[in-house]
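Inside the fold
Listed below, chain by chain, are the residues.
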2 protein chains.
Amino acid sequence: MRTVTFLPSYRKIDVERGTTLLDAAQRAGLNVNVVCGGQGKCGKCVVYIQSGRVDFDKQKYGRFFTDAELQKGACLACESTVQGDLHILVPESTLIQEQKILVEGLDQAIDFRPSVRKYYVELQPPSLADPSPDLSRLLWGIQKSGGPVAEKMYAPLEVLREIPAILRHSEWKVTGTIGLVPGGYRLLDLQENDTSKRVFGAAVDLGSTTIVVYLWDLVTGKVVSVASNYNKQISCGEDILARVNFARKNGLTKLQSLAAESINQAITSASNTAGIDREDIYEVVVAGNTVMTHMLLGIDPAYMIAEPYVPVVRRALSVAAGRIGITCNPNGGLFIFPAVSDFIGGDIIADILACGMSEKEEISLLVDIGTNFEVVLGNKEWMFSCAGAAGPALEGGEVLFGMRANPGAIEEITIDPVTLNPKYSTINGIRPRGICGSGLIDLLAELLCSCVIDRTGRINTEINNPRIRKNAHFPEYVIAWAKETDIGKDIVITENDIKNLIMSKASVHAACITLMKEAGVTRHEITTIYFAGAFGNYLDKKNATIIGLIPEIEIEQIKNIGNGAVAGANIALINRRARKKLDDIAYKIAYIELNAESSFMDEYTGSTFLPHTDLSLFPMVQKLLESCRIRRE
Amino acid sequence: MRTVTFLPSYRKIDVERGTTLLDAAQRAGLNVNVVCGGQGKCGKCVVYIQSGRVDFDKQKYGRFFTDAELQKGACLACESTVQGDLHILVPESTLIQEQKILVEGLDQAIDFRPSVRKYYVELQPPSLADPSPDLSRLLWGIQKSGGPVAEKMYAPLEVLREIPAILRHSEWKVTGTIGLVPGGYRLLDLQENDTSKRVFGAAVDLGSTTIVVYLWDLVTGKVVSVASNYNKQISCGEDILARVNFARKNGLTKLQSLAAESINQAITSASNTAGIDREDIYEVVVAGNTVMTHMLLGIDPAYMIAEPYVPVVRRALSVAAGRIGITCNPNGGLFIFPAVSDFIGGDIIADILACGMSEKEEISLLVDIGTNFEVVLGNKEWMFSCAGAAGPALEGGEVLFGMRANPGAIEEITIDPVTLNPKYSTINGIRPRGICGSGLIDLLAELLCSCVIDRTGRINTEINNPRIRKNAHFPEYVIAWAKETDIGKDIVITENDIKNLIMSKASVHAACITLMKEAGVTRHEITTIYFAGAFGNYLDKKNATIIGLIPEIEIEQIKNIGNGAVAGANIALINRRARKKLDDIAYKIAYIELNAESSFMDEYTGSTFLPHTDLSLFPMVQKLLESCRIRRE
């Protein structure tokens, strides 16, 4: 064994010789950033050897470092193996930082019909006149107190074994917990005396970056607390592809336990805030994308990342929470949302449940945008879905000053049509550091309306304004001058940034149109467009229409449902009828593989204009642009 | 630690100082006879200290030994604690001997509809045109091969996790095993290639003395082998009361594992005989009395041995076989028969299933006799049951030369009405050692018909015949002279023996009449009487009627069903519809507590005559006795 000491925290860990520094750091509890999943590709897991010997191939990985850095002992943690006792400096930039976390409530009025209920009963002790078995006596008592029919309830062996002692020790005054599971009503546990007011449930949005937990009091039907946590799997790879690759290298067990641990931490934090005992949580409902839920269940996701993109299971699953390491009541259950396909996961089914589109006569369009996007079109009779890569632009990636929705990000912006000066607001109100997704949509629409760019996205460099200039490669528009920023340089958007943004929005729009054609539906027949996800939450609906991110409908008919995944999980937690419908919803949804649809590419080309080549699809935008043009002239 | 060496086997075991010799012997694998369950009451666990020091209270337990025995180091294993290294002689009489074991087949023609079936499928690998999930692909394949509807099947987590690798490694040629369990059709496991011919199931009669296992091929519907084992719990107490007392002294875990171990040994032996792999056994069906099945499940039986005699559970149970240590396929299921009450257990429900009385319009009477007896009366509409202590006489206990059905037991006997000489046959045809239950019934009837005894059971000592004589206390009849026996002394039956036998038979008869009165049924309405259990199997039906063990009906209408427990378990194993009916049967049966019925004592008194005080209840017997009397005179 060799001892590795990590600085500046002085965490120590004993490992076998040959262990990678990444493994050692993770075992020591450090959340090292590994975007590529530990494949030596991303160069994010930089550490510095202070003393001791490691094996690291400078020839192969030297490109990630300057000579000065190499001199200081820099190496990649994932590609260095422990050879002797070590002191390793881990710079802060190598550790994962917690992100701003968005939590959402439940807007709909949902019938409160939880799947778990407790019944306090005072039983007659057995007598020669009534020597019925303990279990029958208990279940009849529960039935008489308003519970399910005794014959439909059953007790698993572990509870059955406890029944006789608990009944007698409590002098026949007990509280039974009954949960509705596939197969009937299960006696989840039996407690002495009256504990019937202590039944809680957790609804979980298992995101690849963030985990959100809503803790519900299943007696009062109220949310008692909300907590969030970052997904600790991020230490095994930032994106899903990297994590699946990590899983393929014998990492599935680790990813499984990290997912469970991340959920547990959030549940613990929510329980502590609410002052409740985790043993009183009898049910956990999880909505997540298909790869995430496979990993949480410890099911190999390997076949989902390459053609033909095959998940192992899509239906809803109920498992004992303890089986996968979720710490709630030992007999508590875990419910996992079903999926449609590899790409349309339980998070999207949760969105659908949250917006209610599967219950309506009218046709709705659901759009969930992140690095990937998912689109669902339909009503109570039929649904079509598709998914694709939006590219990182809409989330601030591949844009020079793009950034995530962190403090200092410009999130709203307008441009004076005469002076071309912008007015913006930032997250937390501090000096700007960059611009995030919602700000970029605003910017694109405002630049178009003020004629700084044309409908192809080209900047009109003939305009005589200091904010419009040309840098080494591309024309650009200055959003904020260096002196007003937090970063000491001008924040700009370049023509190249705009091109990337247009490509992203074109994918989403083309996907919408492809589904509409598949279903034979025109934009006039769409009653509502729902935006789900963090991106949609801060989006200006009108600007999203102006740039042609989505088909044009009445602006008031565009709605943000926020974190639809957790909202749907909430509904499934508190309403057992809703939960029963989920598999039906999932099976009803047809999945359209965009790569297999030749029409998608045609639609995409048309969509790479602002808002589109065919303006007749955007009559409101057409009118608006007309008036802007006239005003400008 | 002290080393205890047991002679003559030289088994050694290291134990803590203070351990009882009984514990040490059991841990060393010796099956010590403990009728009382280790309470120092029965004096059966005699051992001799050869060297070393034990702590044993001669004052308190000396009464079990002669002075000579004490001098030789005799002590009770259950009441002696190890103080130093020891050499202990264990006489053969202290060890439990295996008994003659009776195995029964299945006489009825039962529809072959097992609950478990394997399906071999060759699946199309996934493609972009059909990227359905692995589970759906597999279940659709199984459905297409004649399996259940895909939506009704489900896979537990442990199988789900194995699916992707097995499908791909086998190149999509797999065999799925589907079991019908409460809650749906469960995918019990998935194997590579075609193993569809290898599905087996075990039906188990879990008796307190003997365990019988039938191993079935669930593809061909044939029994492939039969095995039996004694119930190893006997080392913790011979009778059920002793075992429950053992359980109360923290012994439940041990009794649970001994029950499982006894079943496992029988299953192993049956599997080895048939040359099959235990992993191919997917289902085990167990019928046993209520205390035995509680113990097998590890559920506390303590409340069943005292008023008001309350079991924990009576309904049928399905549990994972592995959960209670039964070694078959790791995902195999265990089905336990339901019970009616403490005293009418799953073994009796199995009897009812085996004789089919719950399916018939006609009224039947079922009688199962051992140390205890159980009686069930009814038809497809209604059933009444009761149970009681028959006393040991009918099994050869409390009778001077009574013995169990072991080699040398007189099992059949007739008496020449003129010479009064008997003709008998013994088990295995060797010289007689004693007389077992069926022989005693014959003897009683023959003595009555030859007027050696009168209807009260008194021996007519005025008959001048060398076989009729008076010993120190009672008149007696000589069955076999010393020279013809294996034991070197006259085998006789005394008037006291006859009194004990009459008391036993009177209990059974009075129980039958009590149920008939409860149901308002006369003997004319009873179409069939079924005898279940080993006792009934060798019984002469006519003689049983003559002595008034059962109500008189046509002799041809009395049937032996043999080991009804295993026959019923066989039916439930191979016919899933039969299994589904069991809870209904159990719930339909009313249990009559004889001690609470004042009429029972009246019936008992009337029944203490041969056949009864009221001869009009036995017209055939009355006629017979009349003709015997005339012939004798």
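Let us look at the structure shown here. As the structure is a computational prediction, the values presented were derived from the model and not from experiment.

Frequently, the measure chosen for interface size is the accessible area that the parts lose on association. Between chain A and chain B, the contact holds 40 residues from the first and 40 residues from the second. Carbon and sulfur atoms make up 66% of the area that chain A and chain B hide from each other, which totals about 3500 Å². Counting every contact that joins chain A to chain B gives two salt bridges. Seen at the junction of chain A and chain B, the total is 14 residue pairs in polar contact (both at pLDDT 80 or more). For the side of chain A that touches chain B, the secondary-structure elements that each account for two or more residues are helix 4 (134-144), strand 9 (153-154), helix 5 (157-169) and strand 16 (317-320) of chain A.

Attention now goes to the relation of the copies chain A and chain B. Overlaying chain A on chain B yields an RMSD of 0.2 Å, the required transformation being a rotation through 180° with an accompanying axial translation of 0.1 Å. Taken together, the rotation angle and the small translation identify this as a two-fold axis. The C-alpha atom lying nearest the rotation axis in chain A is that of A:Gly183; the distance is 1.8 Å. Interface residue correspondence from chain A to chain B reaches 100%, placing this contact among same-surface, isologous pairings.

Residues and elements named next belong to chain A. In the segment running from Leu 7 into Pro 8, the intervening peptide bond is cis, with an omega of 0°. Within the secondary structure, Pro 8 is located in the loop between strand 1 (2-7) and strand 2 (11-15). A cis amide bond links Glu 307 with the next residue in sequence, Pro 308, at an omega value of 0°. Structurally, Pro 308 can be placed in the loop between helix 7 (290-297) and strand 16. Positive phi, close to 65°, is recorded for Asn 193, a residue that is not glycine. Along the chain, the position of Asn 193 falls in the loop between strand 11 (184-192) and strand 12 (200-206). Classification of Asn 193 by relative accessible area gives partly exposed; the value is 41%.

Turning to the pattern of salt bridges, a few remarks are in order. Think of it this way: side chains of opposite charge can pair up when their charged atoms draw near. Within the structure shown, the criterion is met by 30 salt bridges over all chains. For B:Arg198, the salt bridge is made with B:Asp280, and the minimal N-O distance between the two is 3.2 Å. Taken together, the residues B:Arg198 in the loop between strand 11 (184-192) and strand 12 (200-206) and B:Asp280 in the loop between helix 6 (240-274) and strand 15 (281-288) connect sequence positions 82 residues apart. A residue is classified by how much of its surface remains accessible, and B:Asp280, at 5% relative accessible area, is buried. Notably, a salt bridge pairs B:Asp454 with B:Arg458, separated by 4.0 Å at the nearest N-O pair. A cluster of three or more residues bridged by salt bridges with shared partners is formed by A:Lys118, A:Arg198 and A:Asp280.

Turning our attention to the sheet that holds strand 5 (residues 74-76) of chain B. All names here are of chain B. Strand order in this open sheet of five strands is 2-1-7-3-5, and the pairing throughout is mixed. Every other strand in the sheet has two partners, leaving strand 2 (11-15) and strand 5 as the edge strands with one partner each. In this sheet, neighbouring strand axes are inclined to one another by 35° on average, regardless of whether the strands run parallel or antiparallel. Relative to strand 7 (residues 86-89), strand 3 (residues 46-51) runs antiparallel, the two being bridged by three bridges. Each bridged residue has a counterpart across the sheet, and for Ile 49 the counterpart in strand 7 is Ile 88.

Quick look at the sheet that holds strand 3 (residues 46-51) of chain A now. Residues and elements named next belong to chain A. Read across the sheet, five strands follow the order 2-1-7-3-5 without closing on themselves; strand pairing throughout is mixed. Of all the strands in the sheet, just strand 2 and strand 5 (74-76) have a single pairing partner and so form its edges. Strand after strand, the sheet turns through a mean of 35° between neighbouring axes, direction not considered. Sheet analysis places strand 3 next to strand 5, joined by three bridges and oriented antiparallel. The residue bridging Val 46 from the neighbouring strand is Leu 76, located in strand 5.

Further remarks concern empty space enclosed by the protein. Residues and elements named next belong to chain B. Following the criterion strictly, the structure yields three cavities of 30 Å³ or more and no others. In this structure, the largest cavity spans a volume of roughly 80 Å³. Lining the largest cavity are 14 residues, with Thr 293, Val 313, Arg 315, Ile 336 and Phe 337 positioned closest to its centre. With four residues, helix 7 (residues 290-297) is the single largest residue contributor to the lining of the largest cavity. The class makeup of the residues in the lining of the largest cavity is seven nonpolar, five polar and two charged.

Residue and element names in this part refer to chain B. Across the interface, helix 13 (residues 564-574) lies against helix 14 (residues 576-588) with an axial gap of 5 Å and an inter-helix angle of 115°. Contacts between helix 13 and helix 14 involve Ile 571, Ala 572, Leu 573 and Ile 574 from the first element and Arg 576, Ala 578, Arg 579 and Leu 582 from the second. Classifying every residue of the contact of helix 13 with helix 14 by side-chain character gives six nonpolar, no polar and two charged.

What counts, and where the lines are drawn
Residues numbered from 1 in each chain as written. Chains lettered and ligands numbered in written order. Predicted model: local features only at pLDDT ≥ 70, side-chain atom pairs only at ≥ 80, totals over all residues. Heavy atoms only, no water. Contact = heavy atoms within 4.5 Å. Buried area = accessible area lost by both parts, 1.4 Å probe. Salt bridge = Lys/Arg side-chain N within 4 Å of Asp/Glu carboxyl O. Polar contact = N/O pair within 3.5 Å; in protein donor to acceptor, adjacent residues only side chain to side chain. Helix = DSSP H or I, 4+ residues; strand = E, 2+ residues; numbered from the N terminus. Least-squares fit on C-alpha atoms with pLDDT ≥ 70 in both. Buried < 20%, exposed > 50% of the residue type's maximum accessible area, 1.4 Å probe, protein only. Pairing = 2+ DSSP bridges. Axes fitted to C-alpha atoms, helices over the stretch in contact; angles between N-to-C directions. 1 Å grid on protein atoms, 1.4 Å probe; cavity = no way out; pocket = protein on both sides within 12 Å on 5 of 7 lines; lining within 4 Å. Points joined across faces, edges and corners; volume = space filled by probe spheres on them. Nonpolar A, V, L, I, M, F, W, Y, C, P; charged D, E, K, R; others polar.

The analysis is restricted to geometry; functional conclusions fall outside its scope.
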